[in-house]
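This is what each chain is made of:
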Amino acid sequence: LGRAGIVPWAGLGLGWQWTSRSRERLGNETTFTWSGAELSLQGGAEWPLAGRYSLGPFLSIALGRYGRVALDTPEGSASAEIGSKAVHAFIHVGVRGKVDL
């Protein structure tokens, strides 16, 4: 336990992300889907509340890179590697609540 009941925590995440965009034109829907790996680091602190509950602030930073793109149309589908890959980042700041089961 930390000072005054404060409990620090840290986490690491590894995953796969998808993002898609659809558009309809002249009654036909076209969908682009990008996918790739993501790595995230999280950390925060929590204060015990009553019994099994705790609450506290957190920060998460995620880095990702899309590696493939897919196109779906009424006529067919195709996918390919992305030639010019770039890294993108997401930063999340918030409050985390926890229930110990």
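Here is a short report on the structure shown in this document. Counting starts from 1 at the beginning of each chain's written sequence and moves along it residue by residue. Two thresholds apply to this predicted model, a pLDDT of at least 70 for residue-level local features and 80 or more for giving and counting side-chain atom pairs, whereas whole-chain, interface and lining totals are computed over all residues. Side-chain metrics in this entry use all non-hydrogen atoms of the structure; hydrogen atoms and water are not considered.

### With respect to the overall build of the protein chain
Where we set the bar: Numbering goes from the N terminus for both helices and strands, where a helix is a DSSP run of H or I of at least four residues and a strand is a run of E of at least two. What the globule rule says is 2.2 Å times the number of residues to the power 0.38, and the radius of gyration is computed from C-alpha atoms. Type-normalised accessible area, obtained with a 1.4 Å probe on protein chains alone, sets the label of each residue: buried when under 20%, exposed when over 50%, and partly exposed for intermediate values. Here, Shrake-Rupley sampling with a 1.4 Å probe gives the accessible areas, and only protein chains in the shown set may cover a residue.
Helix and strand counts for the protein chain come out as zero helices and five strands. Counted from the first residue to the last, the protein chain has its helices and strands arranged as β-β-β-β-β. Compactness check: the protein chain gives a C-alpha radius of gyration of 20 Å against a globular reference of 13 Å for 101 residues, more than 25% above the reference. Across the 101 residues that make up the protein chain, the buried fraction comes to 21%. In the form shown here, the protein chain has an accessible surface area of approximately 7400 Å², with 60% of it arising from carbon and sulfur atoms.

### Some points on the environment of Glu 75
Structurally, the position occupied by Glu 75 is in the loop between β3 (53-73) and β4 (76-81). Between the C-alpha atom of Glu 75 and that of Leu 12, which follows or precedes it by 63 residues, the distance is 41 Å.

### Comments concerning the packing of aromatic side chains
Where we set the bar: Within 6.5 Å between ring centres, the rings of Phe, Tyr and Trp (the latter by its six-membered ring) count as paired, and their orientation is classed by plane angle as stacked under 30 degrees, edge-to-face over 60, tilted in between.
Summed over the entire model, instances satisfying the criterion amount to one aromatic pair. Taking the centre distance of 6.0 Å and the plane angle of 20° together, the rings of Phe 32 and Trp 34 count as stacked. A relative accessible area of 34% places Phe 32 in the partly exposed class. Residue Trp 34 is classed as partly exposed on the basis of its relative accessible area of 27%.

### Observations regarding unusual backbone geometry
A positive phi angle, close to 55°, is found at Leu 26, a residue other than glycine. Among the secondary structure elements, Leu 26 is positioned in the loop between β1 (7-25) and β2 (28-48). Overall, the relative accessible area of 83% leaves Leu 26 in the exposed class.

### What to know about the side chain of Ser 40
Short version of the rule: For this analysis, a polar contact is any N or O atom pair within 3.5 Å, provided that within protein one partner can donate a hydrogen and the other can accept it, and provided that sequence-adjacent residues contribute only side-chain to side-chain pairs. When checking whether two residues touch, look at their non-hydrogen atoms; a contact exists if any pair is within 4.5 Å.
Along the chain, Ser 40 falls in strand β2. A polar contact is formed between the side chain of Ser 40 and the side chain of Gln 42, at a distance of 2.7 Å. Those residues in contact with Ser 40 that lie beyond four places of it in its chain are Gly 11, Leu 12, Gly 13, Ser 60, Ile 61 and Ala 62.

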